[in-house]
Every structure is written in structure tokens, then in C-alpha cells.
Amino acid sequence: INAQSVPPMNTNIPVKVTRSQIFIRGLTHRCPNCGGHTLFRQGTVFQMNELCPACGFKFEGEGGAEGFYLRSTSLNFGVTLTCYLLPVLLLVYYKSISVRTAEVLAIAGSLVVPVLLYRASRSWGLMNYYVFFPEELPANGGSNELPGS
């Protein structure tokens, strides 16, 4: 490939959906592409739409998007560990609670907290990816597939 046959990449292409919009949409469980409240099926707690009913954006990419699921699971695990289990450990270390109480809290929390964070972590997984790659959103001229999908 010679340099003349490859067009130069224009990194100054204006985007319709900004990083701050993607960030806010991720925190509020909205479609990163159009901002619709369409990430999860109405009337369900854990069922995520495959496509955004408002704009047709495919949330998980082709083939089940193992990368997307791993991203959201990792975020869920990290938040549970950092914001719940670490404070319980510190309470034991400083003898504010007994070891037995900490064991009960840790077991209960490790089962309950990830369930409570499920919706948020799925939304954060999308946000985490598209904040770094906003040009890949269809509204910004990108394809409708996540890499690695």
C-alpha cells in the first residue's frame, strides 16, 4: 500500500453525540446513541433489549458480545469489591464489627449487591466503551457493531 492510495484519517470530524452526553446517558441507563430510555425492556428488571426501539442501535453487537458482557461483569465486580466488601473488611480491621458479623455481611452482600447493580453495570459497560470511542456510534457515523463481537 502506498501512502497516496490511503486517504488521511480526519480526527477532527464533528460528532453529534459527545463524550459528556454518552457519560450522562450511561449513568441514567439510556441508549448511548439516541438517549432514549430503551436499554431495558419495559416491565422487566433484568431483560435488556437487543436493539434500541427508538433508533435501532444494537446494544450488544453480533454473536452475543462476550466482550460487552465481560465489561459489565467486571465493572459490577469492581464496584462490589471496592464499595461494599472493602469497607466491611476495614470495619473488621478497625474492630468496629466482629469477624462473624463481617462474614455474614460479606456473604449476603456478595450475593445481593451484584444483583442490585445489574442494570447499572450493563449501562456502564456501554458507557465505558463509547466514552473512549464516540466515533463508533451510528449517530456519529460509525458502524453498529462493537469490536470483538
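First things first, this report covers the structure right here in the doc. Fair warning: this is a prediction, and the values are worked out from it, not measured in the lab. (Residues numbered from 1 in each chain as written. Predicted model: local features only at pLDDT ≥ 70, side-chain atom pairs only at ≥ 80, totals over all residues. Heavy atoms only, no water.)

**A few points about the pattern of salt bridges**
As a working rule, side chains carrying opposite charge can pair if their charged atoms are close by.
Phase 1: One pass over the full model with this rule turns up one salt bridge.
Phase 2: Between Glu103 and Arg100 there is a salt bridge; the shortest N-O distance is 3.2 Å. Here Glu103 and its partner Arg100 are both found in helix H3 (residues 99-116), three residues apart, which amounts to about one turn of the helix.
Phase 3: Looking at Glu103, the relative accessible area reads 38%, which means it is partly exposed. (Salt bridge = Lys/Arg side-chain N within 4 Å of Asp/Glu carboxyl O. Helix = DSSP H or I, 4+ residues; strand = E, 2+ residues; numbered from the N terminus. Buried < 20%, exposed > 50% of the residue type's maximum accessible area, 1.4 Å probe, protein only.)

**Thoughts on the state of the cysteines**
Phase 1: Taken as a whole, this structure holds zero disulfides when the rule is applied.
Phase 2: The thiol of Cys31 is unpaired, and the distance to the nearest cysteine sulfur, on Cys52, comes to 3.8 Å.
Phase 3: On the basis of relative accessible area, Cys31 is assigned to the buried category, the value being 0%. (Disulfide = S-S within 2.5 Å.)

**What about helix H1 (residues 19-27)?**
Phase 1: For H1, the full list of buried residues reads Ile22, Arg25 and Gly26. Projected down its long axis, H1 shows its buried positions confined to an angular sector of 100 degrees, all on one face.
Phase 2: Just beyond H1, the residue with positive phi is His29, at close to 60 degrees. (Arc of directions from axis to C-beta.)

**Observations regarding helix H2 (residues 66-93)**
Phase 1: Taking 1.5 Å as the rise per residue, H2 with 28 residues should run 40 Å; its terminal C-alpha atoms sit 38 Å apart, in good agreement.
Phase 2: Within H2, the axis deviates most sharply at Leu81, by approximately 35 degrees.
Phase 3: What H2 keeps buried is the set Phe68, Ser72, Asn76, Thr80 and Val88.
Phase 4: If you follow the buried residues of H2, they end up packed against H3 and helix H4 (118-132).
Phase 5: Immediately beyond the C-terminal end of H2, within one or two residues, lies Lys95, with a positive phi of roughly 60 degrees. (Expected span 1.5 Å × (residues − 1). Bend = angle between axes of the 7 residues up to and from the residue. Contact = heavy atoms within 4.5 Å.)

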